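Coordinates in review
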Amino acid sequence: MIKVNLSGCDTFVSKADVQNYTAKALDAFDTLMAGNGEGNDFLGWKTLPIDVDEALISSIESVRDDWKAKGIDLVITIGIGGSYLGAKCAIEALSHSFVRPEGVPQVVFAGNNLSEDYIAELMDLAVMRNTAVVVISKSGTTTEPAVAFRIFKEYLENKYGKAEAASRIVAVTDAKKGALKTLSTQEGYRTYVVPDNVGGRYSVLSPVGLLPIALAGFDIRAMLSGAAKEREDLLVKGEDNAAVKYAAMRNLLYSVNGKPVEIFVTYSPKLAFVAEWWKQLYGESEGKDGKGIYPASVNNTADLHSMGQFIQQGSRIMFETVLNVQKAQREVVIGTDPQNLDCLNYLAGKRVEHCNAMAQLGVKVAHIDGGVPQMEVSMEKIDEYNLGAIFYFFEFACGISAYTLGIYPLNQPGVEAYKKNMFALLRKPGYEAETEAILKRI
């Protein structure tokens, strides 16, 4: 279903190296499938597309229907990292770029930053709208989402009363423990479970992503179906397995060709946040032990007029992975102008997407000539089914790639360093010694 084209790397790699790294990736495939690598207790994402049952989907749809009956037109989804990026990228990709359909709430995001202006401006919006909140946190104590939830919980209770506010809050959290689970039980919030064996950046096909996506009016059944079909394809071991090909080539380019930067390239503004989701997935999974490919992104053709110069002629430290969409959903044809002052009549009768495709092909040739290897990952079109497939493809390929690199892909110990310093500087109880040590350094 998802296709990988490696022809843009042919002039940069030897057949012997390709065979060697394909063999390494196939060994990593076996590790991932057997679940005997480090971190095997966090591999629940592998079966999410077939584990989500009808009862869970129906329950999510009942929240959507209940809030529609209340006339809710703004849903504030609170979370950080994997607790929001999957839903954000799906909603951005599937939504009309400028118009929200009547009867469908606007889904916005909070708790992913500590900007006071951002929170204040979101509050301005909430005051004007009929508002509900989805809060996503396994513990309920992660600083950024906890701060946002405290603020918007208080707002809902002041505006609607405590009982009505409780009906406008849904928590996605731990099944049994944690501050948010305790509060949800006390206040009577509807809750969904963050599976214990699924890490945040692999959680988009769990209630973490499915609930906000459904509330935004999109078909989560189709998304799960696409992911399940991609899973079926990727479980077949072999050199033609798309995830094996992608994982093998990116590791070859990094380890043999000395390319430590991977640029994720899109040619539709709708896919810009898919790149943000991808960057977290690969950055947190592989950036450890002094190793890892640095994940960057551009959105063309706009970024050809900003980053294009560097990619073409700057430091030769990078390779590209292009997310190629085979079919546009809409059709716009370029017309004829009698004056032809813009000299575009040679394009008359052609679709805008034809121009986009030719730009993409021209960039491929130019960048390869400039010393930048390029891979293509192709999906048929931007819809729920194909996005489900893309989510599963990159997750599965990430597991193979990290094990090929010799990295445990399912933890993120480095994330804790800033938190300890932040807690100390905020003078959180229990961090007094750290506070004194940091103040001596700054």
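Read on for an overview of the structure. (Residues numbered from 1 in each chain as written. Predicted model: local features only at pLDDT ≥ 70, side-chain atom pairs only at ≥ 80, totals over all residues. Heavy atoms only, no water.)

Let's shift gears to the packing of helix 1 (residues 15-34) against helix 11 (residues 242-255). Contact geometry of helix 1 with helix 11 gives a least axis separation of 8 Å together with a crossing angle of 125°. Overall, the two elements helix 1 and helix 11 adopt an arrangement that is oblique. Handedness of the helix 1/helix 11 crossing: right-handed. The segment helix 1 lies against helix 11, with Asp17, Val18, Tyr21, Thr22, Ala25, Leu26 and Phe29 engaging Val244, Ala248, Met249, Asn251, Leu252 and Ser255. Tallied by class, the residues present in the contact of helix 1 with helix 11 amount to 9 nonpolar, 3 polar and 1 charged. (Axes fitted to C-alpha atoms, helices over the stretch in contact; angles between N-to-C directions. Helix = DSSP H or I, 4+ residues; strand = E, 2+ residues; numbered from the N terminus. Parallel < 35°, antiparallel > 145°, perpendicular 65-115°, else oblique. Left-handed = near helix turned anticlockwise from the far one by under 90°. Contact = heavy atoms within 4.5 Å. Nonpolar A, V, L, I, M, F, W, Y, C, P; charged D, E, K, R; others polar.)

Our focus in this paragraph is the state of the cysteines. Summed over the entire model, instances satisfying the criterion amount to 0 disulfides. Summary of cysteine pairing: cysteine 9 is not part of a disulfide, and the nearest cysteine sulfur, belonging to cysteine 398, is at 18 Å. Overall, the relative accessible area of 0% leaves cysteine 9 in the buried class. You can see cysteine 89 has no disulfide; the closest cysteine sulfur is in cysteine 398, sitting 14 Å from it. (Disulfide = S-S within 2.5 Å. Buried < 20%, exposed > 50% of the residue type's maximum accessible area, 1.4 Å probe, protein only.)

So, on to the sheet that holds strand 6 (residues 190-193). In space, the 5 strands of this open sheet follow the order 3-2-4-5-6, with parallel pairing throughout. Since the sheet does not close on itself, it has two edges, and those belong to strand 3 (106-110) and strand 6, each with one partner. Adjacent strand axes in the sheet meet at a mean angle of 20°, parallel and antiparallel pairs treated alike. In terms of strand pairing, strand 4 (residues 131-136) meets strand 5 (residues 169-173) through 4 bridges, oriented parallel. (Pairing = 2+ DSSP bridges.)

This brings us to the pairing of strand 7 (residues 261-266). Among the 6 residues in strand 7, 6 count as buried, and that is most of the element. Residues Val261, Ile263 and Val265 point to one face of strand 7 and Glu262, Phe264 and Thr266 to the other, with burial holding for every one of them. Relative to strand 8 (residues 294-299), strand 7 runs parallel, the two sharing 6 bridges. The residue bridging glutamate 262 from the neighbouring strand is proline 295, located in strand 8. As defined by bridge partners, strand 7 adjoins strand 9 (residues 318-325) across 5 bridges and the pair is classed as parallel. Across the sheet, residue phenylalanine 264 finds its bridge partner in strand 9, namely threonine 321.

Here helix 1 crosses helix 15 (residues 384-405) at 115°, and the two axes come no closer than 8 Å. On the basis of the axis angle, helix 1 is roughly perpendicular to helix 15. Crossing geometry of helix 1 relative to helix 15 is assigned as right-handed. Two secondary-structure elements touch here, helix 1 through Lys24, Ala25, Ala28, Phe29, Thr31, Leu32 and Met33 and helix 15 through Phe396, Gly399, Ile400, Tyr403 and Thr404. Among the residues forming the contact of helix 1 with helix 15, the class breakdown is 8 nonpolar, 3 polar and 1 charged.

A surface patch of negative charge is lined by Glu116, Asp117, Glu121 and Asp124. Summarising the element assignment, aspartate 117 is placed in helix 5 (residues 116-128). (Patch = residues over 30% accessible without salt bridge, like charges linked within 9 Å, V, L, I, M, F, W, Y side chains within 5 Å. Areas by Shrake-Rupley, 256 points an atom, 1.4 Å probe, with all protein chains shown as cover. Salt bridge = Lys/Arg side-chain N within 4 Å of Asp/Glu carboxyl O. Lys, Arg positive; Asp, Glu negative; His and termini not counted. Charge placed at Lys NZ, Arg CZ, Asp CG, Glu CD.)

So, about the sheet that holds strand 10 (residues 374-379). Spatially, 1-10-9-7-8 is the arrangement adopted by the 5 strands of the open sheet, whose pairing is mixed. Looking at which strands have only one partner, the edges of the open sheet turn out to be strand 1 (3-5) and strand 8. When the angles between neighbouring strand axes are averaged without regard to direction, this sheet yields 20°. Here strand 1 runs beside strand 10; their pairing, made up of 3 bridges, is antiparallel. Directly across from valine 4, in strand 10, lies its bridge partner valine 377. On the sheet, helix 12 (residues 272-286) packs against strand 7, strand 8 and strand 9 and is oriented at approximately 175° with respect to strand 8.

The next point concerns the pattern of salt bridges. For the structure on display, the rule yields 21 salt bridges. One salt bridge in this structure joins glutamate 164 and lysine 70, with 2.8 Å as the shortest N-O distance. Highlighted residues: glutamate 164 in helix 7 (residues 162-167) and lysine 70 in the loop between helix 3 (54-69) and strand 2 (74-78), separated in sequence by 94 residues. Residue class for lysine 70 comes out partly exposed when judged on its relative accessible area of 30%. Through salt bridges that share partners, Lys138, Asp174, Lys177 and Asp196 make up one connected network.

Turning our eyes to something else, we now look at a nonpolar patch on the surface. Nonpolar side chains collect at one region of the surface, where Met307, Phe310 and Ile317 lie side by side and expose about 240 Å² of accessible area between them. Position of methionine 307 among the secondary structure elements: in the loop between strand 8 and helix 13 (308-313).

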